[in-house]
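# Topology and contacts: notes
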Amino acid sequence: MPMHERSIAEQSSPFWWQAAPVKPLPQQPLARKLDVLIVGAGYAGLAAGLALARAGRSVGAFDAMSPGEGASSRNGGIASGSIHPDYATLSRRFGKEKALTIEAEGKLARDFLYDFIETEGVDCDFQLTGLFRSAIGYEQYEGMARGAEALAKRLGIESDAVPHAEQRHYIGTDFYRGGTVRRDIGGLDPAKLHAELLRVALAAGVTVHSNTPVTSIERDGPGFHVVTSAGTVQARQVLVCTNGYTDGAVPFLRRRLVPVHSRIIATKALAPEVMARLMPKRMMMGEGLQLGFYYRPSPDGRRILLGGRDSSRVGDPAAPTLRLRKGLVKRFPELGDVRLSHSWFGNVAMNRDMLPRIFEKDGVLYATGFCGSGVVWAPWVGTRAAHKLMGPSKHAYSAFGFRPPACIPFYRGNPWFMPAVIQGYGIQDRIAIWRASR
């Protein structure tokens, strides 16, 4: 069978939907008045609604799709809480004290998620596996090793350098030149996490309207006049928790978030001895590249799931899947004949400074900008935003409570420029790999 044909995945729906299928909810009566109306019923919207409902507020969450149909059930399930600008970049932008506060919040956000999973009895296949971040070349390894040491000193996070000689204890490939390990990062089933968060939110009294888009939000005296496809609602407060699927209902936000495709492939079940050789510690995996792949074993340890940015907008729909499969085989040559069971994509949202956000504009509060790390950031930022709506308290503070992201010139929701941006990053990566191989 030609490579092109045998490399196409059997299913185009997310692997996670096998165990936790996303479905529309039964239609709910529309409350004409609400204390808080939330736009979006993903991780952030449901976490915010849960906190508000438990504090006695009447809450309605409105989603244009079925709840969780977007990024909340399409991501890789890696609980990293990573921040894309490094500590040095953050220090230049905001000063060392603010940079340290931002880094420290990642630890708080991960602890919050892990505690929520345990306290609420959330069944989402969570495992605190650790994360191995690989280095492309020895020069990058030296920098990553220094970063791991500094992270341990600054925040007390168990983070270690792994030299190339010890690499195969963590990952069965010679493609890299060492890396670092973070012990405080785990993996989970993202669709199960959303399903459980939905269960808990509904039990707390949050009314969730599926396939009910919000079409406009207007100030109406001390509150808001919100038009939805099911009718009009008067809300005392409005919280917008959309991210990669932000639409024209919130044009101010849409001009500041760029939706980027992130595609993931899943192999068919591999032999236990193969998985033990390739992923001996069942860790989450990342790479030190602009367009680096992220990958992991499935929760049952039988498959490999690998993801990366997908710039395709037109052309061969199989090309992005084939690119990921080629990347998988390049890292693990013994998988040259591997068959794929799933290939799917979802939108992540990027902004100009690549930081999550809580901000207010014209009385509307926004919790957004997760930049590909929403498993950790979305529940945390959503909950912090909910406490901000309830009034000043220590639970309302976040290091991300500052100005809105900068507007992107000439952008109104169609990311026409992304293929060129992705191509530019790809060139940088090829140069980095070439330099590392000299």
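Rules behind the numbers
Residues numbered from 1 in each chain as written. Predicted model: local features only at pLDDT ≥ 70, side-chain atom pairs only at ≥ 80, totals over all residues. Heavy atoms only, no water. Helix = DSSP H or I, 4+ residues; strand = E, 2+ residues; numbered from the N terminus. Rg over C-alpha atoms; globule rule 2.2 N^0.38 Å. Contact = heavy atoms within 4.5 Å. Areas by Shrake-Rupley, 256 points an atom, 1.4 Å probe, with all protein chains shown as cover. Patch = residues over 30% accessible without salt bridge, like charges linked within 9 Å, V, L, I, M, F, W, Y side chains within 5 Å. Salt bridge = Lys/Arg side-chain N within 4 Å of Asp/Glu carboxyl O. Buried < 20%, exposed > 50% of the residue type's maximum accessible area, 1.4 Å probe, protein only. Pairing = 2+ DSSP bridges. pLDDT = per-residue confidence, 0-100. Phe/Tyr/Trp six-rings, centres within 6.5 Å; stacked < 30°, edge-to-face > 60°. Core = buried A, V, L, I, M, F, W, Y, C linked by side-chain atoms within 4.5 Å.

### Focus: the overall build of the protein
- Counting its secondary structure elements, the protein contains 11 helices and 18 strands.
- For 438 residues, the compact-globule formula gives about 22 Å, and the C-alpha radius of gyration of the protein, at 21 Å, lands near that figure.
- Its C-alpha atoms give the protein principal-axis dimensions of roughly 65 × 50 × 45 Å.
- In the protein, once contacts between residues fewer than 6 apart in sequence are set aside, the share between residues at least 24 apart is 74%.
- Carbon together with sulfur atoms contributes 52% to the accessible area of the protein, which is approximately 19,000 Å² in total.

### Points about unusual backbone geometry
- Of note in this structure, Asp125 is not a glycine but carries a positive phi near 60°.
- Residue position: Asp125 is located in the loop between helix H4 (96-119) and strand S4 (131-134).
- With a phi close to 55°, Asp362 is a non-glycine residue in the positive phi region.
- When you line up the elements, Asp362 lands in the loop between strand S17 (357-361) and strand S18 (364-368).

### Regarding a nonpolar patch on the surface
- A surface patch of nonpolar side chains, about 300 Å² in accessible area, is lined by Ile427, Ile431 and Trp434.
- Since its relative accessible area comes to 39%, Ile431 is described here as partly exposed.

### Considerations on the pairing of S4
- Here S4 pairs with strand S6 (residues 179-182) via four bridges, running antiparallel. Along S6, the bridge assignment pairs Ser134 with Gly179.
- As defined by bridge partners, S4 adjoins strand S13 (residues 284-287) across four bridges and the pair is classed as parallel. Note on S13: the bridge partner recorded for Arg133 is Gly286.

### Let's talk about the confidence of the model for the protein
- The pLDDT averaged across the protein works out to 92; a share of 96% of its residues lies at or above 70.
- This model gives residues 1-6 a pLDDT under 50, and the stretch forms 10 contacts once residues within four places in sequence are excluded.

### Some points on the packing of aromatic side chains
- Considering all chains together, one arrives at 13 aromatic pairs under this definition.
- With centroids separated by 5.9 Å and ring planes inclined at 90°, the aromatic side chains of Tyr295 and Phe332 adopt a geometry described as edge-to-face. One end of the pair, Tyr295, is in strand S14 (residues 294-297); the other, Phe332, is in the loop between helix H9 (319-331) and strand S16 (340-350), and 37 residues separate them in sequence.
- A relative accessible area of 1% places Tyr295 in the buried class.
- Exposure remark for Phe332: the relative accessible area of 1% places this residue in the buried category.
- Here the aromatic rings of Tyr411 and Phe417 are separated by 5.6 Å at their centres, their planes lie at 70°, and the arrangement is edge-to-face. Phe417 matches Tyr411 in its accessibility class, with the two residues each being buried.
- Ring pairs connect the aromatic residues Phe252, Phe359 and Tyr366, which therefore count as one cluster.

### Here's the deal with the nonpolar core
- Ranked by size, the top nonpolar core spans 51 residues in total, and within it Ile38, Leu113, Leu193 and Leu239 carry the most contacts.
- The set of elements that each furnish at least two residues to this core consists of strand S1 (33-39), helix H2 (43-54), strand S2 (59-62), H4, helix H6 (190-204), S18 and helix H10 (374-390).
- Here this core takes nine residues from H10, the largest share from any one element.
- In contact with Leu193, other than residues within four places in its own chain, are Tyr43, Leu113, Val122, Cys124, Leu188 and Val375.
- Counting 27 residues, the second largest nonpolar core, distinct from the first, contains Val162, Leu270, Met283 and Leu335.

### Focus: the environment of Leu113
- Relative to the assigned elements, Leu113 resides in helix H4.
- Judged by its relative accessible area of 2%, Leu113 falls in the buried class.
- Separated by 264 residues in the primary sequence, Leu113 and Trp377 have C-alpha atoms spaced 9.0 Å apart.

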